[in-house]
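Coordinate analysis (summary)
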Amino acid sequence: MKPLLLLVSSFVLLHSSLSAKPNILYILADDLGYGDVHCLNPQRGKIATPHLDRLAAQGMTFTDAHSGSSVCTPTRYGLLTGRYAWRTRLQSGVLDGGNDEPLIAADRLTVAGFLKQQGYSTACIGKWHLGFQSDMDSNKGKDRSGLPVGARIIGGPTTRGFDRYFGCSNARTMTSLIENDRVIEHIETIDMLPRLGARAVSHLAACVKSDAPFFLYLPLTSPHTPIVPSASWKGKSGLGDYADFVMQTDAIVGEVLAALDQHGLAENTLVFFTSDNGCSPAAKTAQLEKSGHFASAGFRGYKADIWEGGHRVPFFVRWPGKVAAGSKSAQTICHTDFLATCAAILEAKLPENTAEESVSLLPALLGQDQAPLHEHVVHHSISGRFAIRQGNWKLALCPGSGGWGKPGDAEAAKQGLPAAQLYDLSTDPAETINLHNKHPEVVQRLTTLLNDIIANGRSTAGSPQTNDAPVIVSKPNRKAAKE
């Protein structure tokens, strides 16, 4: 075959293969630290994660991936909408989880709604934590056990693009098991993770009978508190309940991936795995570190913090025949990129008023990226503190952790630390040397850039959009609330 014909033929084959509408499985762990996955932290990670290690070996590992926030609700909003959650009414903390007004507006296009438009069957199995209401009051006792059996869910997942839903609102109401728009039973918290895994496996078996491609969003409830490994996993790690729970989480992922293999779905399924934020100090991180396990690897901080340990997360993508096995990408990416990635794969145009922070990862996945995909990425902490990343520079607009780490903002201010922190992550990934006073021109440039991103209503190219509420950048130095 002549070279030109060979080139054209290769292009046609690639084009046709991308147009085949792959199945999409997106697994989101809850509070799993970057260093909790053994292949990402082989020197200072003591927890065995064989299934995640295998997934990484079969696909691409993004080593500079970030959740949209260092806590739960805002990250999930960004993942499903392609928009930073701090543009909404929720600019710090998380939703309560009992009976909240939905955070995703009814008229906002989600990735599930978009894929449904493209002919996909869509399902969410797991922890929602994006707000919904009901026709019955939630329990008001100290156990906060959630909604009674029979309660009807209003504004839940099945109204935000998903054909089917099975799961719970959040960890605080995990005893209320919901199917579609009804609470169907109350279960023990220790049983929730196994139930989600079993339902995901049975759902994949049912997908074989359908002609439509599927999208399964699987937000697990682990290893978030309550840290409740099943009896068969308790003591397995030798490091305590948290490490046991991480091992059980890894095993659930293994069961789901095995179901893809069993039903002949793996070859045409694009699999994502990541976490909603860093490991929580509730995992007894100090004790784990004494045992030689560092859940944030070499990064500073943990869940809730503006430092890297709060929002740098594991991120693996497997797509047989498209994504090279064992490959790595150093691109700075964010969970908000999922929607634009799906649109690029399906060669579909997104409306201007959607996915305001979403950039397609497809060039990186195919090994065709020649430049940074993101000009910048914005980070956010539990107390609403901002940081902006551009290239190797990271500017955090607070004196301390912005979360639960020490020193917190109030303590840092009392110590006389600068009101902002500037780090060069190429030489100081652990964020130990604040260059704020040495590079005032960088501080000014990044501060102006962040303010422009906020005012523009979007961080990607396109027409300016409107934030849902005024966005406050400079906040008082207060102690961060617990989730």
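Residues numbered from 1 in each chain as written. Predicted model: local features only at pLDDT ≥ 70, side-chain atom pairs only at ≥ 80, totals over all residues. Heavy atoms only, no water.

1. Description of the pairing of strand β1 (residues 23–29)
- Most of β1 sits inside the fold, with seven of its seven residues counted as buried.
- Here β1 shows two buried faces, one formed by N23, L25, I27 and A29 and the other by I24, Y26 and L28.
- In terms of strand pairing, β1 meets strand β10 (residues 269–275) through seven bridges, oriented parallel. Its bridge partner lying in β10, Y26 is registered against F272.
- Relative to strand β9 (residues 214–219), β1 runs parallel, the two sharing five bridges. When the sheet's bridge partners are listed, L28 is paired in β9 with P219. (Buried < 20%, exposed > 50% of the residue type's maximum accessible area, 1.4 Å probe, protein only. Helix = DSSP H or I, 4+ residues; strand = E, 2+ residues; numbered from the N terminus. Pairing = 2+ DSSP bridges.)

2. Some points on the environment of Y165
- On the secondary structure map, Y165 appears in strand β6 (residues 164–168).
- The exposure class assigned to Y165 is buried, which follows from its relative accessible area of 2%.
- Considering only alpha carbons, one finds Y165 and L216, 51 residues apart in sequence, at a separation of 10.0 Å.
- Residues contacting Y165, with those up to four places away along its chain left out, are C124, G126, K127, W128, P157, T158, I178, E179 and N180.
- From its side chain, Y165 meets the backbone oxygen of G126 in a polar contact 2.8 Å long.
- Within the local environment of Y165, its side chain forms a polar contact with the backbone oxygen of C168, the two atoms lying 2.8 Å apart. (Contact = heavy atoms within 4.5 Å. Polar contact = N/O pair within 3.5 Å; in protein donor to acceptor, adjacent residues only side chain to side chain.)

3. Some points on the sheet that holds strand β14 (residues 386–390)
- Read from one edge of the open sheet, four strands run β13-β14-β15-β16, paired in antiparallel fashion. In the strand order of this sheet, the two ends are held by β13 (377–380) and β16 (421–424), each with one partner. Taken over all neighbouring pairs, the strand axes of this sheet differ in orientation by 20 degrees on average, direction set aside.
- Pairing analysis gives four bridges linking β13 to β14, with the strands arranged antiparallel. The residue bridging H380 from the neighbouring strand is F386, located in β14.
- Here helix α12 (residues 440–456) sits on the sheet and contacts β13, β14, β15 (393–396) and β16; the angle it forms with β14, its principal contact strand, is near 110 degrees. (Axes fitted to C-alpha atoms, helices over the stretch in contact; angles between N-to-C directions.)

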